[in-house]
Amino acid sequence: KDAASALDHIEKESKALKALEAAIKKGDNAAVIANLTIMAELGNTEHPLVKKGQEVSKQMAKASKETEAKMKEVERLLKNAVADKDLGALKELNPQVIMYGIKGAVVEEAKALMRELQAKEEKFSELAAVMHAVEVKASSYDGITAADVKGLSDLLAQAKKMGYKDDDDEIQGIKDFQARMQAQVEAHGLLKKALDSGDDKQLKKAMDTVQELGLETGLAQKVREAVGLYEMEQAEANLEKAAALTEKIKKELKESTEDDRSDEKLALMEKKTKAHQKLVADASDTKYDFQKYYKIREDSDYLEYVPSEAKQGFGDRKLKSQTKLIPKSLLQLPQAMSKTAIQVHKSILQYCGDLANPYPNTMARFMIVTALEQPGLVDEIYCQLMKHVVENNRPVSEDRGWGLLCMATSAFPPSPEFAPFVVNFCLNNRTRGGLIGNYAKLCIVQLDGRIRLGATKLLPDLKVIDTYSQRPPILAIIQQPGDKDPLEIPVTPDEDLDAVFNDAIYPITGISESEQIMYGLFVIDGKPKNDRSLKQRLTLFYKKHNPAKLVHVDYFVASWSGNDEALFHTLTKKYGPEPTAAEAEALERGNKGKEKKNLLVMSITAAKNAGKRLGFVSDQKELPSPQHSWALPWWVFPGDVFLRMVKQGVEPVFTFKRKLFKKGEKASAELVDQVKMDFVNGDQVVPNFDEAKELITILLAMRNGAKAPKDAAHMLDLGLKEVTPIDWLSQKTPQEIAEACEACLSSLGSNAKQLNDQFWAICQKQITFGMSLFSIYDEKSQGRVLGGVDPKGFHLVSETGDQVLTTFVYRNIKEFGATQSYFWMKVIEPKAGKEETVYLPTIQAWDIYALVYDYTHNAQLLNL
């Protein structure tokens, strides 16, 4: 009987395991659960297939819940697209509707609307083709005639017959195009009249029209040639005047002191002028591509003295980077000025390392001084600098070329005529990642003040120029709490944070001297500049941190698509940062060893410095990377911070806010704004979701004019994702959060003051309220804990922020200090009278040191 019973048991187990395996392969969660139940009844829950079934069942249940939430989100977006008659959004949502099998009235309405809008779009494309033909003719040698413009009126009538209204973008587009073409026809009459007259003033006016309209016709070319010849003759005739001006300027220029540079910087950073805002807006037009500037020499002129076998190479690279000296100035200049222009080009190549020179910094100074002393060469120098960085495949040379552009825009402005071309060039480069994009933004901002003030009267300091090879100049875009505009602060490589505070931030913000110590510049990694797909990012991430998880990559992609950053927020908290560019390249090649960057070729001091920020420490254990923004010490160079983060594939996010708080400090409008910002950014940790959802609801009510949102859908439309900390977005879908927040609507205050009071009261209850948080390695758990600094002392807090593990009050800290990878304190135990040295492993040791120093050395001011 026992044998028969055992055999029956084995057969049932075998049958259940086969069925379980089939259910797993099929993805049938109900069948998986049914067979897991049978196995549990049979008393076998330890079988590997049972374990796998349990895990798969959890994953399928979670995926089902997430799919339901995504379906609701797609339906909401579909309703909005229908209401807005947004064909682009409808097309984008259609694949998701099909994928999730969404049905119902809203889907049918969306399909009908999409068919209607697509039919109109197809008909309009026929009209667009006619407009394109006119545009092509407008760029031809002969240009267009009045008859061509008249035909555009017929297009307008056809579009209206299709059902387009006067305020539709399509109708407005036709009208704008018609106006541009009409202006070209009228301009042709002006150009012909000017050419026939031969009058210099009329020709110059005609040239302005050519430039303004971006004309490329035969008449426009003739005007360019005539004006170019006239201006060359004028320049030749005015050489003596130019020489006299140079001598006058030489007498006015003076060596600069640190105070002179500080005063000038403050003057340069006055609020953006409307004239500059208009310049930036106008300069975005493609007609201001610097290669279209009418003063650029024709190839035949530029290549006049170039040997025939080299003409093609020099011609192809006329306005692109090259390592050989230019044969003539790029712009039409008199021979004497052209010779100087060639010397300037040589100095650019020598500073950038393309030609040898033992004193490259003097070459940068030569370029700047030449521009200051000879204003007639300024546009030529800008043209050469832009040429130097176009298609420059030598990274060091390109970086130094942009450094020269940053020096130029801080020292002398281009002519009013050429300024839009320089701004256009910077606008086209500002979206590039890393340092180049920041250089371009810096140049645009610096041009505002420099155009307003004119060229500097201060000679460049060689010591300052030398720092450009040590760290980059940057445009620090600094966020502020509340509705304040971000600060845009140009930071030269010689400026540490103390100088930035005193020369720029304090004067601009108007903070009184007694309050200045209370504020700090905080920094956190921005989003990675990553062109890889989610699957590629996950594959590289798990190759680095946990190869065993590679089998789950497809599942993660399906579950987290569209919410990439929330996923990586969770993963990086658990494992560490994403692979750097160098590590990713090595992993893609199959090299699983971690790339050590360039530490081996750096000086010991520089390597330690970089190691501190990048996380390459001497210990075997990997110290946790920062998860919260932290206040930078006063002695740090912002350019160094920017450079180190860019090397990791991210850009820093700077925030200027309070870093020190008085004991028992009460709410103020400024502090409430800061706490709101800190909650959204994750710096104010709220571990309890019931409290977090209240705060989210309050923020959405503030967005709704201090009125309660109607429902979950309204909250999503108000931008729920934008006010929800990423910690919660990584755990719940926006739809789930919105539905949870509905329960808070009835308890909301009825005005802005009440809402702010509610927000402050909830935050004030949090354990980490008022703390600056740092990442500490915990030796016991071999994981992360938080180090919190506030008016009470230094605290060790659980990673989730829901428990204070230890507190060291300031009066018991006898001594403290920092090394590359440890913050340490000598602490006295009052009762026992014993002294203990506490070592806390962290890559933020010096940042903690600076903040503890500020609290302990300002005790009286802070009422400690």
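Residues numbered from 1 in each chain as written. Predicted model: local features only at pLDDT ≥ 70, side-chain atom pairs only at ≥ 80, totals over all residues. Heavy atoms only, no water.

## Observations concerning the pattern of salt bridges
Okay, step 1: In total, this model carries 44 salt bridges according to the counting rule given.
Okay, step 2: Glu-231 is the salt-bridge partner of Lys-295, the closest N and O atoms lying 3.4 Å from each other. On the criterion of sequence distance, the pair formed by Lys-295 in the loop between helix H12 (274-283) and helix H13 (299-302) and Glu-231 in helix H9 (residues 218-237) is long-range, its members being 64 residues apart.
Okay, step 3: Linking Glu-417 and Lys-295 is a salt bridge whose minimum nitrogen-to-oxygen distance equals 3.3 Å. Separated by 122 residues along the polypeptide, Glu-417 in the loop between helix H18 (395-411) and helix H19 (419-429) and Lys-295 in the loop between H12 and H13 bring together distant segments of the chain.
Okay, step 4: On the accessibility criterion, Glu-417 (27% relative accessible area) is partly exposed.
Okay, step 5: Several salt bridges converge on common partners, so that one network encompasses Lys-204, Glu-231, Lys-295 and Glu-417. (Salt bridge = Lys/Arg side-chain N within 4 Å of Asp/Glu carboxyl O. Helix = DSSP H or I, 4+ residues; strand = E, 2+ residues; numbered from the N terminus. Buried < 20%, exposed > 50% of the residue type's maximum accessible area, 1.4 Å probe, protein only.)

## Topic: the packing of aromatic side chains
Okay, step 1: Following the criterion strictly, the structure yields 23 aromatic pairs and no others.
Okay, step 2: When the ring of Tyr-519 is compared with that of Phe-656, the centres are 5.4 Å apart and the planes differ by 20 degrees; the resulting orientation is stacked. Within this pair, whereas Tyr-519 is found in strand E5 (residues 519-525), its partner Phe-656 is found in strand E7 (residues 652-658), the two being separated by 137 residues in sequence. Assigned by exposure class, Tyr-519 and Phe-656 land together as buried.
Okay, step 3: Plain terms: the ring middles of Trp-846 and Tyr-849 are 5.4 Å apart, the flat faces sit at 70 degrees to each other, and that makes the pair edge-to-face. Of this pair, Trp-846 and Tyr-849 both sit in helix H36 (residues 845-856), three residues apart, which is roughly one turn of the helix.
Okay, step 4: On the basis of relative accessibility, which here comes to 29%, the residue Trp-846 falls in the partly exposed class.
Okay, step 5: Clustering of aromatic rings is evident, with ring pairs tying together Trp-634, Trp-635, Phe-794, Phe-816, Phe-823, Trp-846, Tyr-849 and Tyr-853. (Phe/Tyr/Trp six-rings, centres within 6.5 Å; stacked < 30°, edge-to-face > 60°.)

## So, the pairing of strand E14 (residues 834-841)
Okay, step 1: Looking at chain direction, strand E13 (residues 822-829) and E14 are connected through eight bridges and run antiparallel. The residue of E14 that forms the bridge with Glu-829 is Lys-834.
Okay, step 2: Counting the residues in the hairpin turn of E13 and E14 gives four residues, including Gly-833, whose phi is positive at 70 degrees. (Pairing = 2+ DSSP bridges.)

## Some details on the sheet that holds strand E10 (residues 793-797)
Adjacent strands of a sheet form backbone hydrogen bonds with each other and so pair up, either parallel or antiparallel.
Okay, step 1: With respect to topology, four strands assemble into an open sheet ordered E8-E9-E10-E11, the strand pairing being antiparallel. The open sheet has two edge strands with one neighbour each: strand E8 (772-778) and strand E11 (804-809). Neighbour-to-neighbour, the strand axes of the sheet open up by a mean angle of 25 degrees, direction not taken into account.
Okay, step 2: Relative to E10, strand E9 (residues 783-790) is paired through five bridges, and the arrangement is antiparallel. Across the sheet, Gly-787 pairs through a bridge with Leu-796, a residue of E10. (Axes fitted to C-alpha atoms, helices over the stretch in contact; angles between N-to-C directions.)

## A look at the confidence of the model for the protein chain
Okay, step 1: Considering every residue of the protein chain, the mean pLDDT works out to 86; 92% of them sit at 70 or more.
Okay, step 2: Considering each helix and strand of the protein chain separately, the mean pLDDT is smallest for helix H27 (residues 604-614), with a value of 42, and largest for helix H17 (residues 378-389), with 97.
Okay, step 3: Below pLDDT 50 for its whole length, residues 591-619 participates in 46 contacts with residues either more than four positions away or in separate chains. (pLDDT = per-residue confidence, 0-100. Contact = heavy atoms within 4.5 Å.)

## A closer look at empty space enclosed by the protein
Take a probe with the size of a water molecule and roll it over the atoms, and the empty space left behind shows itself.
Okay, step 1: Per the counting criterion, the structure on display carries two cavities of 30 Å³ or more.
Okay, step 2: A volume near 60 Å³ is recorded for the largest cavity.
Okay, step 3: Lining the largest cavity are Leu-78, Leu-90, Leu-93, Asn-94, Val-97, Val-107, Ala-110, Lys-111 and Met-114.
Okay, step 4: If you list the elements that add at least two residues to the lining of the largest cavity, you get helix H4 (87-100) and helix H5 (105-138).
Okay, step 5: By residue class, the composition of the lining of the largest cavity is seven nonpolar, one polar and one charged.
Okay, step 6: Put simply, the second largest cavity is a space of about 30 Å³.
Okay, step 7: Contributing to the lining of the second largest cavity are Glu-694, Ile-698, Cys-744, Ser-747, Leu-748 and Gln-758.
Okay, step 8: Looking at the lining of the second largest cavity residue by residue, the class counts come to three nonpolar, two polar and one charged. (1 Å grid on protein atoms, 1.4 Å probe; cavity = no way out; pocket = protein on both sides within 12 Å on 5 of 7 lines; lining within 4 Å. Points joined across faces, edges and corners; volume = space filled by probe spheres on them. Nonpolar A, V, L, I, M, F, W, Y, C, P; charged D, E, K, R; others polar.)

## Some thoughts on the nonpolar core
Among soluble globular proteins, nonpolar side chains are generally buried collectively.
Okay, step 1: With 168 residues, the main nonpolar core has Phe-412, Ile-489, Phe-654 and Met-825 as its most contacted residues.
Okay, step 2: With near-sequence residues (within four places) excluded, Phe-654 lies in contact with Ile-474, Ala-476, Ile-477, Ile-478, Gln-479, Leu-521, Phe-522, Val-523, Leu-632, Val-641 and Phe-642. (Core = buried A, V, L, I, M, F, W, Y, C linked by side-chain atoms within 4.5 Å.)

## Description of helix H20 (residues 434-453)
Okay, step 1: With 20 residues, H20 ought to run about 28 Å at 1.5 Å a step, and its terminal C-alpha atoms sit 30 Å apart, in line with that.
Okay, step 2: Most pronounced at Leu-447, the bend in H20 amounts to some 30 degrees.
Okay, step 3: Of all 20 residues making up H20, 16 are buried, and the element is well covered by its neighbours.
Okay, step 4: Of the residues trailing H20, Gly-454 is marked for its positive phi of about 85 degrees. (Expected span 1.5 Å × (residues − 1). Bend = angle between axes of the 7 residues up to and from the residue.)

## Quick look at the pairing of strand E3 (residues 474-479)
Okay, step 1: Across five bridges, the pairing between E3 and strand E4 (residues 487-491) is antiparallel. Bridge pairing links Leu-475 to Pro-490 in E4.
Okay, step 2: Sheet topology places E3 next to E7; two bridges connect them, and they run parallel. Note on E7: the bridge partner recorded for Ile-478 is Phe-654.

## Thoughts on the packing of H17 against H19
For any two helices packed against each other, one specifies the inter-axial angle together with the distance between the axes.
Okay, step 1: Two numbers describe how H17 lies on H19: the axes approach to 11 Å, and their chain directions differ by 20 degrees. The angle between the axes of H17 and H19 places the two elements in the roughly parallel class. H17 and H19 meet at a crossing whose hand is left-handed. Taking contact as the criterion, the partners of Tyr-382, Met-386 and Val-389 in H17 are, on H19, Phe-421, Val-422 and Phe-425.
Okay, step 2: For the contact of H17 with H19, the class distribution of residues is six nonpolar, no polar and no charged. (Parallel < 35°, antiparallel > 145°, perpendicular 65-115°, else oblique. Left-handed = near helix turned anticlockwise from the far one by under 90°.)

## Focus on the layout of surface pockets
Okay, step 1: Reported here for the second largest pocket is a volume of approximately 1,200 Å³.
Okay, step 2: Forming the boundary of the second largest pocket are 45 residues, of which Lys-265, Leu-268, Met-269, Gln-446 and Pro-490 lie nearest the centre.
Okay, step 3: For the lining of the second largest pocket, the secondary-structure elements that each account for two or more residues are helix H11 (258-268), H18, H20, strand E2 (458-459), helix H21 (462-467), E4 and helix H22 (497-509).
Okay, step 4: Class assignment of the residues belonging to the lining of the second largest pocket gives a composition of 19 nonpolar, eight polar and 18 charged.

## Considering helix H2 (residues 29-41)
Okay, step 1: Relative to the 18 Å expected for 13 residues at 1.5 Å per residue, H2 spans 18 Å between its end C-alpha atoms, a close match to the ideal helical length.
Okay, step 2: All of the buried residues in H2 are Val-32, Asn-35, Leu-36 and Met-39. Seen end-on, H2 carries its buried residues on one side only, within an arc spanning 105 degrees. The exposed residues of H2 that point more than 90 degrees off its buried face are Ala-30 and Glu-41.
Okay, step 3: Taken together, the buried residues of H2 touch helix H1 (2-26) and helix H3 (48-84).
Okay, step 4: Of the residues flanking the start of H2, the one acting as N-cap is Asp-28, its side-chain oxygen 3.2 Å from the backbone nitrogen of Ala-30. (Arc of directions from axis to C-beta. Polar contact = N/O pair within 3.5 Å; in protein donor to acceptor, adjacent residues only side chain to side chain.)

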